[in-house]
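# Architecture at a glance
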Amino acid sequence: MSSLLVLPQAQFFPVSYNLDRRLLSKNSSDIFRYGHFSKSLRHDDQLVHPEFTPKHVAIIMDGNRRWAKARGLPVQEGHKFITPNLKNICNVSTKLGIQVITAFAFSTENWNRSKEEVDFLMKLFEQFFEEFMRFGGVRVSVIGGRSKLPIKLQKGIELTEEATKGNKGLHLTMALNYGGKYDMLQATKSIASKVKDGLINLEDINNKLFEQELATKCAKTPDLVIRTGGEQRLSNFLLWELAYSELYFTKTLFPDFGEEPFKEAILSFQQRHRRFGGHTY
Ligand SMILES: CC(C)=CCC/C(C)=C/CC/C(C)=C/COP(=O)(O)OP(=O)(O)O
């Protein structure tokens with residue numbers, strides 16, 4: 001029979017702990033293995049359990065075009081939410097104790113969109129980096145092939161990375177002209193070339209060495225990946241890094257993805273049961 005205990009500090013964490021699943025452990029890895037929180041939680045700041053907040057959240061920002069079309073607006077109007085919404089997400093993330101956000105802004109395949117849309121996006125990204133150069137102690141960096149980006153944007157990225165590199169707050173990584181397949185191919189080529197030059201042996205190749213060659217270096221892999229806009233696919237995002245990430249798909253379109261839907265995603269994460277291929281309860 002399942003027994004439920006409401007902890008005494010219920011005013012802060014009105015969470016039902018299921019004793020059968022041994023949720024009383026204070027060890028977060030135990031919680032990830034054994035349990036989740038009640039679905040009935042409201043998502044006020046203090047009710048998103050800080051101890052079990054994802055450290056790294058990746059976001060596929062999809063649905064801008066549909067948002068604009070539904071309102072009879074040019075598609076560009078939907079894209080304009082990138083700066084305010086990412087600022088908002090950074091602010092909420094900082095409050096919740098999330099340390100890294102990786103946002104998918106432009107894929108290696110997105111060059112296939114119309115020239116008009118691509119040009120607009122590149123200009124928008126320029127403005128984005130100008131704004132984030134001095135925003136809330138956030139450290140900003142970029143992954144992806146930047147040599148194909150307009151020179152002015154490349155400069156803006158460099159300046160922003162330089163200006164924010166000492167920031168100790170949240171780390172925001174923008175994936176721009178990024179593709180998971182491309183990244184794994186370039187890692188493979190780099191390793192093959194080192195073997196050929198006798199710098200490493202075939203036997204030295206392992207997960208750790210491969211990860212060093214990826215754009216992210218896998219310093220912290222995403223605990224949670226969110227895709228807005230209703231599609232349920234990864235579209236070539238962080239293919240290696242997401243191996244054990246929790247996936248969260250929401251129909252909310254990116255322009256509507258504010259604080260509340262973001263916290264819903266965090267709460268969903270807190271109800272997951274992560275096993276990393278280990279035993280089940
Ligand atoms: C927030 C903002 C201004 C972002 C820029 C607009 C943009 C290009 C968003 C796409 C983000 C992305 C790479 C989603 C993957 O879907 P996909 O559409 O590349 O792939 P799919 O065809 O599989 O859906």
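Quick note: structure is the one above.
The structure contained in this document is the topic of the report that follows. Not measured: the values here are computed from a predicted model.

Take the site of the ligand next. Looking at the ligand, there are 15 residues lining it, with Asn-110, Arg-113, Arg-227, Arg-233 and Ser-235 nearest. Separating an oxygen atom of the ligand from a side-chain N or O atom of Arg-227 is a distance of 3.0 Å. Protein contacts shield 86% of the accessible area of the ligand, which totals 600 Å² for the unbound molecule. Counting residues per element, the shell around the ligand draws most heavily on strand 4 (residues 100–107), which supplies 3 residues.

The next subject is the pattern of salt bridges. A full pass over the atoms with the stated rule returns 18 salt bridges. The salt bridge involving Glu-158 is made with Lys-155; its shortest N-O contact spans 3.4 Å. One end of the pair, Glu-158, and the other, Lys-155, are both in helix 6 (residues 151–164), 3 residues apart, so they sit about a helical turn from each other. According to the relative accessible area criterion, Lys-155 is partly exposed, its value standing at 48%. When salt bridges that share partners are traced, they join Asp-223, Glu-246, Arg-272 and Arg-274 into one network.

Once that is clear, we can look at the pairing of strand 7 (residues 224–227). On strand 7, burial covers both faces: Leu-224 and Ile-226 on one face and Val-225 and Arg-227 on the other are all buried. Here strand 3 (residues 56–60) pairs with strand 7 via 4 bridges, running parallel. Counted as the bridge partner of Ile-59 is Ile-226 from strand 7. Bridging between strand 7 and strand 8 (residues 246–249) involves 4 bridges; their strand directions are parallel. Opposite Arg-227, over in strand 8, you have Phe-249 as the bridge partner.

Further remarks concern the layout of surface pockets. Considered as a void within the structure, the largest pocket measures approximately 510 Å³ in volume. What lines the largest pocket is a set of 24 residues, and nearest its centre among them are Met-61, Asp-62, Ala-105, Asn-110 and Arg-113. Mapped onto the lining of the largest pocket, the elements with two or more residues apiece are helix 2 (64–70), strand 4 and helix 5 (115–132). Here the lining of the largest pocket gets 4 residues from one element, more than from any other, and that element is strand 4. Residue classes in the lining of the largest pocket are distributed as 10 nonpolar, 6 polar and 8 charged. The space that makes up the second largest pocket amounts to roughly 310 Å³. Lining the second largest pocket are 18 residues, and of these Val-100, His-171, Thr-173, Thr-216 and Ala-219 sit closest to its centre.

Conventions we followed
Residues numbered from 1 in each chain as written. Predicted model: local features only at pLDDT ≥ 70, side-chain atom pairs only at ≥ 80, totals over all residues. Heavy atoms only, no water. Near = heavy atom within 4 Å. Polar contact = N/O pair within 3.5 Å; in protein donor to acceptor, adjacent residues only side chain to side chain. Areas by Shrake-Rupley, 256 points an atom, 1.4 Å probe, with all protein chains shown as cover. Helix = DSSP H or I, 4+ residues; strand = E, 2+ residues; numbered from the N terminus. Salt bridge = Lys/Arg side-chain N within 4 Å of Asp/Glu carboxyl O. Buried < 20%, exposed > 50% of the residue type's maximum accessible area, 1.4 Å probe, protein only. Pairing = 2+ DSSP bridges. 1 Å grid on protein atoms, 1.4 Å probe; cavity = no way out; pocket = protein on both sides within 12 Å on 5 of 7 lines; lining within 4 Å. Points joined across faces, edges and corners; volume = space filled by probe spheres on them. Nonpolar A, V, L, I, M, F, W, Y, C, P; charged D, E, K, R; others polar.

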